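# Chain and residue survey
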Amino acid sequence: MSAYLDHAATTPVRDTALAAWRDAALAGGNPSSLHGPGRRARRAVEDAREQVAAALGVGAAEVVLTAGGTEADNLGVKGLWGARTAADPRRRVVLASPVEHHAVLDCVTWLADARGAEVVWLPVDADGRVDVAGTAALLERDGDRAALLTCMWANNEVGTIQPLAEVVALAHEHEVPVHADAVQAVGWLPEAVGAIGADTVAVSGHKLGAPTGSGALVVRRGTALEPVLHGGGQERGVRSGTVDAPAAAALAVALREAVAEQPDQAPRVAALRDRLAAGLLATDPTAVVQGADPASGGRLPTNLHVTFPGCEGDSLLYLFDAAGVAVSTGSACRAGVPEPSHVLHAMGVAPLLARGALRFSLGRTSTDADVDRVLEVLPAVLERARAAGARSRGAVLAG
Ligand SMILES: Cc1ncc(COP(=O)(O)O)c(C=O)c1O
């Protein structure tokens, strides 16, 4: 008996998306070639682009196909910076939420280190939610020096949904373009990407049931972007590289289905998540749910993030894994070494408590049996994790 509760890392591929990928791969042809097979591949890409655009509520000309969310984030953040600073060299400030995924965060710190950007971090509250009034004040102060603002739509660790439309409206008052990482939000929130108004928006296929290596950056009409990849000038010169027709076809199918299923799946998965939360807290009343209150509607329906005092998150992860339950600590792991979570840090969670963090993330294939399995193995997992935690603290004291 096993349970997969790591859908935020990647979610199982849909048969339909795989079939679309296979059909396009077998059809062959380079979409840039002028002969029949090339033209057919081009038609498949443009059909896929239209479906992606329709699912996101944007125009087809606004969809730039990428090889995933990380690439889309890089193109959005670095692309906006390049174009904006070229047009107005005085704009050297990057306003950024401190709870961004590393795909954005590391672009921002790279811009600071390599390009001389001045980073201004947006204030967040104890739930990891960007403070709108604080953002407005920073824009008043720095808006006329800002090249861009970057704010994710929903957080990958704690599931908190950001007041993105409000942040975008404020930034636009100061003519500051906004990049939004929508990788975790798309398919789970009712609003369309197009309704949010951000200038660039990153989407990742493998979080929706397409294969890894598929994604898109929405670039709103009239938004200037400096390319990151140079070469054959594909995707209107913004993203060179042979367009991946199978990935585009699979992304279109997965995205269309995810968006169509959202009204049914979001409440179903939220109810599973809430049952899991209630069971965890009943088993361990010292556990703390981090991030927005699930009942507030300010949290992804897929996300439950819990800190267990006296435990190490990675011990919990390995003990759960041994019991057939796949979960995550939620924060980055570099070369196998767990890093303290910058998200929990920004939320003001005490470092010792942050070490006991575990993220359960659900998706369209999640069932009651998954929740049952977690709750069944939880008492033994906690007991062993606490014993290991006590031993390592004892060793530190003895040492
Ligand atoms: C919020 C967020 N942004 C970006 C990414 C990166 O996407 P990809 O894995 O498609 O490169 C992830 C993946 O975990 C994510 O959760």
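Throughout this document, residue positions are counted from 1 along each chain, in the order its sequence is written. Local features are withheld for residues below a pLDDT of 70 in this predicted model, meaning they are given only at 70 or higher, and side-chain atom pairs are given and counted only at 80 or more; totals for whole chains, interfaces and linings count all residues. Based on all heavy atoms of the structure, the side-chain values leave hydrogens and waters out of the count.

## Focus on the overall build of the protein
By definition, any uninterrupted DSSP run of H or I lasting at least four residues is a helix, any uninterrupted run of E lasting at least two residues is a strand, and each is numbered from the N terminus. A tally of regular secondary structure across the protein gives twelve helices and 14 strands. As presented, the protein carries roughly 16200 Å² of accessible surface, and 56% of it is formed by carbon and sulfur atoms. Per-residue and other accessible areas were derived by the Shrake-Rupley procedure at a 1.4 Å probe size, with only the shown protein chains allowed to occlude residues.

## Focus: helix α1 (residues 15–27)
Each residue after the first adds 1.5 Å to the expected span of a helix. An ideal rise of 1.5 Å per residue puts 18 Å on 13 residues; α1 measures up with 18 Å between its terminal C-alpha atoms. Burial status follows relative accessibility: with a 1.4 Å probe on protein chains alone, a residue under 20% of its type maximum counts as buried, one over 50% as exposed, and anything between as partly exposed. Every buried residue belonging to α1 is among A17, A20 and A24, and all of these are buried. Viewed end-on, α1 has its buried residues packed into an arc of 60°, placing them on one side of the element. Seen from the open side of α1, the exposed residues pointing more than 90 degrees away from its buried face are D15, R22, D23 and L26. The contact criterion used throughout is that any non-hydrogen atoms of two residues lie within 4.5 Å. Considering only its buried residues, α1 is in contact with α8 (245–283). As used here, the arc belongs to the directions running from the helix axis to the C-beta atoms.

## Notes on the site of the ligand
Taken together, the neighbourhood of the ligand is formed by 13 residues, with T70, D181, Q184, S204 and K207 sitting nearest. For this analysis, a polar contact is any N or O atom pair within 3.5 Å, provided that within protein one partner can donate a hydrogen and the other can accept it, and provided that sequence-adjacent residues contribute only side-chain to side-chain pairs. One of the side-chain N or O atoms of T70 is found 2.6 Å from an oxygen atom in the ligand. A distance of 2.8 Å is found between an oxygen atom of the ligand and a side-chain nitrogen or oxygen belonging to H206. Surface burial for the ligand is 85%, taken as the share of its 390 Å² of free accessible area covered by protein chains. It suffices for a single heavy atom of a residue to lie within 4 Å of a molecule or strand for the residue to be listed as near it.

## Quick look at the sheet that holds strand β7 (residues 200–204)
Reading across from one edge, β2-β8-β7-β6-β5-β3-β4 is the order of the seven strands in this open sheet, with mixed pairing throughout. Pairing within the sheet leaves two strands with one partner each, and these edge strands are β2 (63–66) and β4 (118–121). Across the sheet, the axes of successive neighbouring strands diverge by a mean angle of 20°, strand direction being ignored. When DSSP finds at least two bridges between two strands, those strands are taken to pair. The pairing of β2 with strand β8 (residues 215–219) spans four bridges and is antiparallel. If you follow L65 over to β8, its bridge partner there is A216. Of the strands in this sheet, β2, β3 (93–96), β5 (146–150), β6 (178–181), β7 and β8 touch helix α3 (residues 69–87), which is tilted by about 165° from β7. To define axes, lines are fitted to C-alpha atoms, for helices over the stretch in contact only, and angles between the resulting N-to-C directions are given on a 0 to 180 degree scale. Along the sheet, helix α6 (residues 164–173) makes contact with β5 and β6, crossing β6 at roughly 165°.

## Observations regarding a negative patch on the surface
Together, D125, D127, D131 and D293 make up a negatively charged patch on the protein surface. Here D125 shows up in the loop between β4 and α5 (132–142). Looking at D125, the relative accessible area reads 34%, which means it is partly exposed. Distance thresholds for patches are 9 Å for like charges and 5 Å for nonpolar side chains (Val, Leu, Ile, Met, Phe, Trp, Tyr), applied to residues having over 30% relative accessible area and no salt bridge. A pair is scored as a salt bridge if a Lys or Arg side-chain nitrogen falls within 4 Å of a carboxyl oxygen belonging to Asp or Glu. In this tally, Asp and Glu contribute negative charge and Lys and Arg positive charge; neither His nor the terminal groups of the chain are included. Charged groups are reduced to one reference atom each: NZ for lysine, CZ for arginine, CG for aspartic acid, CD for glutamic acid.

## Let's talk about the nonpolar core
The biggest cluster of nonpolar side chains holds 94 residues, and the ones touching the most others in it are L149, F308, F320 and F360. Counting residues per element, this core draws most heavily on α8, at 14 residues. Note: domain ranges come from an automatic or database domain assignment. Among the domains, domain 1 (3–9 + 261–398) and domain 2 (15–257) are the pair contributing at least three residues each to this core. We define the nonpolar core as a collection of buried residues of types Ala, Val, Leu, Ile, Met, Phe, Trp, Tyr and Cys that are connected through side-chain atoms lying within 4.5 Å of one another. Formed by 20 residues, the second largest nonpolar core is a distinct cluster that contains A72, W81, V94 and A147.

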